[in-house]
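Spelled out from the first residue to the last, the chains are:
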Amino acid sequence: MSILHLRNGRVICPTQSLNEVTDLWLNGPTVGGFGTPPRAAHIIDCTGMIVTPGLIDMHVHLREPGREEDETIASGTAAAVAGGVTSVACMPNTEPALDTRDAAEFCILQAQRAGHCNVFPIGAVTKKREGKELAEIGKLVAGGAVAFTDDGAPVASAEIMRRALEYCRMFDKAVLVHAEILELTTGGVMNEGEVSVRLGLRGMPGVAEDIMIYRDIVLAELTGGKVHILHVSTAGGVDLIRQGRAKGIRVSGEACPHHFIFTDDKLSTFDSNYKMSPPLRTRKDVDAILAGLADDTLTVLATDHAPHAAEKKAKELDQTPNGIVGLETFLPACITHLIEPGVLSWPQMIAKMTTGPAGVLGIDRGTLTPGAVADVTVIDPKTAWTVDAAKFKSKSRNTPWHGATMTGRAVLTIVGGEIKYDLRGV
Ligand SMILES: [Zn+2]
Ligand SMILES: [Zn+2]
């Protein structure tokens, strides 16, 4: 078994409360231990670098099958490792929807064929994501599904949501919530507020999100099920999750970089790279998300990586699809906007990219404990660089950060003990 010796990096492992300069060695596909390895090894000097468990992005749209012009499992996972991400959980809003055991197994097989990173499929809550009838949850679990959601759309029926929580509880799987009361958002292209009035654009009120977050937290309390609120964008939502957690309800929440970096006045440019669902909100909401990250109300950072081919995003705002790509800007955006201004410490931020999502999904990743799978990310925390979307491994380029200067990035991505991305060699 070949040994990889990562020498003299600052190793951060939240599960072991580790944050110190030391050596880490990998014994083939598993973590060997700390300090000097027992025999000769391939040495990589990590002086000045941060060495962490491989990052997990639990909110990724890979588009395959059905929309391979936007992304494939191969291109999306190549983008992941280029961003320092070793595991992605992929959303089921493919065409057809990921609502069968076969579909889950196909997804895992395609990821293995591509050979970039781990893919954990998320199953649809309802058949065809139509919100009418529960999908075959048990069979999906048998096929490898790690959680359930109809993301892209909410589960509109409270009754279906209640049964989904009851059913998923039997398998100890979380239901991931895209919180949106559609009656309140139909036709909207941005947040409802002063800016939407000024621009004459149809708005989506924040309460459309808050109402469903409240509904699903009380349903989690009723059923004992586990809910995870995807892409929290409102101050009200952060408060509801904080209150729910204080009461011991099994609710967790996630923040995406665009929701804590931008506000809705970005829509003044009419640039579709600022159109997403839920939409960019106000300064008050951004501040509440940052506070929620700082006090650990929100335990997960994720991208909502949503690739769309250029011609789709080039349309008028009311016709263009929601969302942006995120995998290759995830870590730098978080370093630049959470670490640099002092919102989070490094161990806090890494926890939200490793143990946080691993806990929600119940997967055996996100740790450098000896014997664990050797998924490792090596980060240059200080390098300043300019985002060039033309260099993305993703098939799509819909990013608001093209040309932006960011601080820090992954320089080495190791999956199962194998180097899958190495910026030092580029
Ligand atoms: Zn969503
Ligand atoms: Zn999504």
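Read on for a plain summary of the structure. (Residues numbered from 1 in each chain as written. Chains lettered and ligands numbered in written order. Predicted model: local features only at pLDDT ≥ 70, side-chain atom pairs only at ≥ 80, totals over all residues. Heavy atoms only, no water.)

## Observations regarding the overall build of the protein
Right, on to step 1. A count of helices and strands for the protein gives 14 helices and 18 strands.
Right, on to step 2. For a compact globule of 426 residues, the expected C-alpha radius of gyration is about 22 Å, and the protein comes in at 20 Å, within 12% of that figure.
Right, on to step 3. Looking at the protein as a whole, 61% of its 426 residues qualify as buried.
Right, on to step 4. Accessible surface, the protein as shown: approximately 15,800 Å² in total, 51% of it carbon and sulfur.
Right, on to step 5. Each charge sign in the protein was given a centre, from 42 positive and 50 negative side chains, and these centres are 2 Å apart. (Helix = DSSP H or I, 4+ residues; strand = E, 2+ residues; numbered from the N terminus. Rg over C-alpha atoms; globule rule 2.2 N^0.38 Å. Buried < 20%, exposed > 50% of the residue type's maximum accessible area, 1.4 Å probe, protein only. Areas by Shrake-Rupley, 256 points an atom, 1.4 Å probe, with all protein chains shown as cover. Lys, Arg positive; Asp, Glu negative; His and termini not counted. Charge placed at Lys NZ, Arg CZ, Asp CG, Glu CD.)

## As for the coordination of the zinc ion (ligand 1)
Right, on to step 1. Distances from the zinc ion (ligand 1) to its protein donors, Asp151 (OD), His178 (ND1) and His231 (NE2), fall within 2.0 to 2.1 Å.
Right, on to step 2. Between consecutive donors of the zinc ion (ligand 1), the numbers of intervening residues give the motif D-x26-H-x52-H.
Right, on to step 3. Separating the zinc ion (ligand 1) and the zinc ion (ligand 2) is a distance of 3.6 Å, and Asp151 donates to both of them. Taken together, the residues Asp151 in the loop between β9 (147-148) and α4 (158-170) and His178 in the loop between β10 (174-177) and α5 (182-185) connect sequence positions 27 residues apart. (Donors = N, O, S within 2.8 Å, 3.2 Å for Na, K, Ca; no water.)

## Let's talk about the coordination of the zinc ion (ligand 2)
Right, on to step 1. Coordination of the zinc ion (ligand 2) by the protein is provided by His59 (NE2), His61 (NE2), Asp151 (OD) and Asp304 (OD), with metal-donor distances spanning 2.1 to 2.3 Å.
Right, on to step 2. Every donor counted, the four donor atoms about the zinc ion (ligand 2) form angles of 83 to 170° at the centre, which fits irregular coordination.
Right, on to step 3. Along the chain, the residues donating to the zinc ion (ligand 2) fall in the pattern H-x1-H-x89-D-x152-D.
Right, on to step 4. With a relative accessible area of 4%, His61 lands in the buried category. (Tetrahedral: all angles 85-135°; square planar, octahedral: opposite > 155°, others 65-115°.)

## A few points about the environment of Gly292
Right, on to step 1. Examined against the element boundaries, Gly292 turns out to sit in helix α10 (residues 283-294).
Right, on to step 2. Separated by 240 residues in the primary sequence, Gly292 and Thr52 have C-alpha atoms spaced 23 Å apart.
Right, on to step 3. The contacts of Gly292, once residues within four sequence positions are left out, are Val238, Arg242, Thr297 and Leu298. (Contact = heavy atoms within 4.5 Å.)

## A few points about unusual backbone geometry
Right, on to step 1. Pro65 follows Glu64 through a cis peptide bond whose omega is 5°.
Right, on to step 2. Structurally, the position occupied by Pro65 is in the loop between β6 (55-60) and α1 (73-82).
Right, on to step 3. Cis peptide bonds are those with omega within 30 degrees of zero, and the linkage from Glu95 to Pro96 qualifies with 0°.
Right, on to step 4. Mapping Pro96 onto the fold places it in the loop between β7 (85-90) and α2 (101-114).
Right, on to step 5. Here Arg129, not a glycine, exhibits a phi torsion of approximately 55°, which is positive.
Right, on to step 6. Checked against the element boundaries, Arg129 lands in the loop between β8 (118-121) and α3 (137-142).
Right, on to step 7. Not every positive phi belongs to a glycine, and Asp172 is a case in point at roughly 50°.
Right, on to step 8. Residue placement: Asp172 occurs in the loop between α4 and β10.
Right, on to step 9. For Asp172, a relative accessible area of 48% translates into the label partly exposed.

## What to know about a nonpolar patch on the surface
Right, on to step 1. Side chains of Tyr167, Met170 and Phe171 sit close together on the surface and give an oily, nonpolar patch of about 300 Å² of accessible area.
Right, on to step 2. With respect to the helices and strands, the residue Tyr167 is situated in helix α4. (Patch = residues over 30% accessible without salt bridge, like charges linked within 9 Å, V, L, I, M, F, W, Y side chains within 5 Å. Salt bridge = Lys/Arg side-chain N within 4 Å of Asp/Glu carboxyl O.)

## Considerations on α4
Along an α-helix, a turn takes 3.6 residues, which lines up residues three or four apart on a common side.
Right, on to step 1. An ideal rise of 1.5 Å per residue puts 18 Å on 13 residues; α4 measures up with 19 Å between its terminal C-alpha atoms.
Right, on to step 2. All buried positions along α4 are accounted for by Ile160, Met161, Ala164, Leu165 and Cys168. One side of α4 holds all its buried residues, which, seen down the axis, span an arc of 140°.
Right, on to step 3. The backbone nitrogen of Glu159 has a side-chain oxygen 3.2 Å away, supplied by the residue at the start of α4, namely Ser157.
Right, on to step 4. Positive backbone phi, approximately 50°, marks Asp172, located one or two places after α4. (Expected span 1.5 Å × (residues − 1). Arc of directions from axis to C-beta. Polar contact = N/O pair within 3.5 Å; in protein donor to acceptor, adjacent residues only side chain to side chain.)

## Here's the deal with the pairing of strand β17 (residues 405-415)
Right, on to step 1. In terms of burial, β17 is largely enclosed, as nine of its eleven residues are buried.
Right, on to step 2. The pairing of strand β16 (residues 376-386) with β17 spans eight bridges and is antiparallel. Counted as the bridge partner of Ala384 is Thr407 from β17.
Right, on to step 3. Sheet topology places β17 next to strand β18 (residues 418-422); four bridges connect them, and they run antiparallel. When the bridges of β18 are listed, Leu412 appears paired with Asp422.
Right, on to step 4. From the end of β17 to the start of β18, which pair antiparallel, there are two residues, and Gly416 there has a positive phi angle of about 55°. (Pairing = 2+ DSSP bridges.)

## Here we look at the packing of aromatic side chains
Right, on to step 1. Taken as a whole, this structure holds three aromatic pairs when the rule is applied.
Right, on to step 2. Both rings, one in Phe262 and one in Tyr274, keep their centres 5.2 Å apart while their planes meet at 90°; by these two values the pair is edge-to-face. One end of the pair, Phe262, is in the loop between α9 (257-261) and α10; the other, Tyr274, is in the loop between α9 and α10, with twelve residues separating them in the sequence.
Right, on to step 3. Judged by relative accessible area, Tyr274 falls into the buried class, the value being 10%.
Right, on to step 4. Three or more aromatic residues link up through ring pairs in this structure, and these residues are Phe262, Tyr274 and Trp401.
Right, on to step 5. A cation over a ring is seen here: Arg409 above Trp385, with NZ or CZ 3.7 Å from the ring centre. (Phe/Tyr/Trp six-rings, centres within 6.5 Å; stacked < 30°, edge-to-face > 60°. Lys NZ or Arg CZ within 6 Å of the ring centre and 35° of its normal.)

## Remarks on the nonpolar core
Right, on to step 1. Val88, Phe260, Leu293, Leu301, Trp346 and Met349 are the most contacted members of the largest nonpolar core, which totals 94 residues.
Right, on to step 2. Top element by residues in this core is helix α12 (residues 330-339). It accounts for seven residues.
Right, on to step 3. Excluding residues within four positions of it along the chain, Leu293 makes contact with Ala255, Phe260, Leu298, Leu301, Leu338, Leu344, Gln348 and Lys352. (Core = buried A, V, L, I, M, F, W, Y, C linked by side-chain atoms within 4.5 Å.)

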